[in-house]
Amino acid sequence: MNKIQEFAKKYTIIYCILAEVVVLGGMILAGMLMGMLLGGSGVDGYVLQALQELIGALLAFAALKVSGCADILTKRGIGFWKGLAVGGYFLVMGVYSAVVFTVIYEGDRTLRPWYLIAVFVICMVLVGITEEFLCRGVLAELLLHHYGATKQGVWKAVIISGVLFGLAHLSNLLGAEPVGVLVQCVIAAMMGMAFAAIYFRTGCIWVTVFLHAFVDICAGITSGLYTGELVETISGYQPIQLISVIPYVILLAVLLRKKKMDQIIARIDG
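All residue numbers refer to position in the chain's written sequence, counted from 1. Local features are withheld for residues below a pLDDT of 70 in this predicted model, meaning they are given only at 70 or higher, and side-chain atom pairs are given and counted only at 80 or more; totals for whole chains, interfaces and linings count all residues. Note that water and hydrogens are dropped before the side-chain values are worked out from all heavy atoms of the structure.

J.: I keep staring at the overall build of the protein and nothing clicks. Help me out?
T.: Along its length, the protein carries 13 helices and zero strands. Secondary structure elements in the protein, listed N-terminal to C-terminal, are α-α-α-α-α-α-α-α-α-α-α-α-α. Throughout, exposure labels follow a simple rule: accessible area from a 1.4 Å probe, protein chains only, divided by the maximum for the residue type, with under 20% read as buried, over 50% as exposed, and the rest as partly exposed. Burial statistics for the protein: of 270 residues in total, 49% are counted as buried. Contacts are residue-level and defined by heavy atoms, with any inter-residue pair within 4.5 Å sufficient. Look at the contacts in the protein between residues 6 or more apart in sequence, and 82% of them connect residues 24 or more apart. In this description, accessible areas are obtained by the Shrake-Rupley approach with a 1.4 Å probe, and a residue is regarded as covered only by the protein chains that are shown. Accessible surface for the protein amounts to roughly 13,200 Å². Of this, 71% is attributable to carbon and sulfur atoms. As used throughout, the charge tally considers Lys and Arg to be positive and Asp and Glu to be negative, leaving His and the chain termini uncounted. Lys charges are placed at NZ, Arg charges at CZ, Asp charges at CG and Glu charges at CD. Distance from the positive charge centre (18 side chains) to the negative charge centre (16 side chains) of the protein: 16 Å. Secondary structure follows DSSP: runs of H or I at least 4 residues long count as helices, runs of E at least 2 residues long count as strands, and numbering of each begins at the N terminus.

Take a look at the structure:
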């Protein structure tokens, strides 16, 4: 165990915050640099964001390595397809959101070029990789080791990693409206808790990577197909949308009910 891992074990919450700051800070700096170099050249916004997210994915992978958590990338847990069934709520809600957002969209419906739509999809996949490697692969994993494989330990890891995931979205204040960002942070925190619960239930990080990318693609479908501006979507969030956290509370209660919690603890101890 190297000194970084010793620090992570002893000061877990501080380390988790620092890991988040380093990864997100690196992404912000990369975005600013690319904005200065390419921003005025007419490069599509999702191309710039995809490059930024690629940097983020590399930083998140590095965080996995230095934190001693890289072995999760090869763990299958209960299996990918069974894992998707566990996270089926996000598959259903993703499809529902994509249909609703597409139907109510009132802007110009001229499709962007296919290759820019492909860039949008790739960008969202990279978002899923970056945020899952960091927030579930590093934060939730370290917090679980810190608090222990008990019912209380799992709940603490789920809640704290979810809150940190929500706070990470404050970085969107650099471009989007404050009210929309704050609403996004609260919803993201609850979503992060649900993803952490699914990760602990399945034991497979690739399940949450897929679900995360799928949800983001569906939520940003109109920006990917028509406008190319995700900031517009975030700025449009309203406080009334906070009602959407209620299903997450129910989902957490179902995912971490006693029978399933016992299975999580048994798998971790095994």
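Right, picking up where we left off after that structure.
J.: Explanation requested: the layout of surface pockets in the structure shown.
T.: Which parts of space are left empty comes out when a probe the size of a water molecule is rolled across the atoms. Each cavity reported here is a set of points on a 1 Å grid over the protein atoms alone in which a 1.4 Å probe fits but cannot get out, each pocket an open set with protein on both sides within 12 Å along at least five of seven lines, and each lining residue one with an atom within 4 Å of a point. Grid points are joined across faces, edges and corners, and a volume is the space filled by probe spheres set on the points. When its volume is computed, the second largest pocket comes out at roughly 490 Å³. Lining the second largest pocket we find 23 residues, and of these Ile 72, Lys 75, Glu 141, Leu 144 and His 145 sit closest to its centre. Going through the elements one at a time, α1 (3–10), α6 (114–147), α8 (178–202) and α13 (258–269) are the ones with two or more residues in the lining of the second largest pocket. In terms of residue count, α6 provides more of the lining of the second largest pocket than any other element does, five residues in total. Of the residues that constitute the lining of the second largest pocket, the class distribution is nine nonpolar, nine polar and five charged. Under this grouping Gly is polar, as are all residues other than the nonpolar Ala, Val, Leu, Ile, Met, Phe, Trp, Tyr, Cys and Pro and the charged Asp, Glu, Lys and Arg.

J.: Would you explain the nonpolar core in this entry?
T.: Within soluble globular proteins, side chains that are nonpolar tend to cluster in buried spots. In terms of nonpolar packing, the biggest core is built from 65 residues, with Phe 90 and Phe 200 touching the most fellow members. When residues in this core are grouped by element, the largest group, 15 residues, is from α8. Sequence-distant contacts of Phe 90, that is, excluding residues within four places in its chain, are made with Met 191, Ala 194, Phe 195, Ile 198, Leu 211, Phe 214, Val 215, Tyr 248 and Leu 251. To qualify as a nonpolar core, a set must consist of buried Ala, Val, Leu, Ile, Met, Phe, Trp, Tyr and Cys residues joined through side-chain atoms within 4.5 Å. Counting residues in hydrophobic clusters, the runner-up holds eight residues, among them Tyr 46, Ala 50, Phe 120 and Ile 217.

J.: How should α8 be read in this particular structure?
T.: Working note: α-helix, 3.6 residues per turn, so residues spaced by three or four point in the same direction. To estimate the expected span of a helix, count its residues, drop one, and scale the result by 1.5 Å. Given a rise of 1.5 Å per residue, 25 residues ought to cover 36 Å, and the 35 Å separating the end C-alpha atoms of α8 matches this to within 8%. Counted residue by residue, α8 has 21 buried out of 25 residues, so it is predominantly covered. In the stretch just after α8, Gly 203 is the one whose phi turns positive, near 70°.

J.: What am I meant to see in helix α7 (residues 151–168) here?
T.: Here α7 spans 26 Å end to end across 18 residues, near enough to the 26 Å set by a 1.5 Å rise per residue. Residues of α7 that are buried include every one of Gly 153, Val 154, Ala 157, Val 158, Ser 161, Gly 162, Leu 164, Phe 165, Gly 166 and Ala 168, and no others. Buried residues belonging to α7 abut α2 (12–38), α6, α8, α9 (205–219), α12 (245–255) and α13.

J.: Help me understand the pattern of salt bridges, please; the structure alone is not making it clear to me.
T.: Two side chains that carry opposite charge are able to pair once their charged atoms sit near each other. Salt bridges are defined by distance alone: a side-chain nitrogen of Lys or Arg within 4 Å of a carboxyl oxygen of Asp or Glu. Considering all chains together, one arrives at four salt bridges under this definition. Taking the shortest distance from any N to any O, the salt bridge between Asp 44 and Arg 112 comes out at 2.7 Å. In this pair, Asp 44 sits in the loop between α2 and α3 (45–66) while Arg 112 sits in the loop between α5 (88–104) and α6, placing the two residues 68 residues apart along the sequence. We classify Asp 44 as buried; its relative accessible area is 16%. Lys 75 is the salt-bridge partner of Asp 71, the closest N and O atoms lying 3.4 Å from each other.

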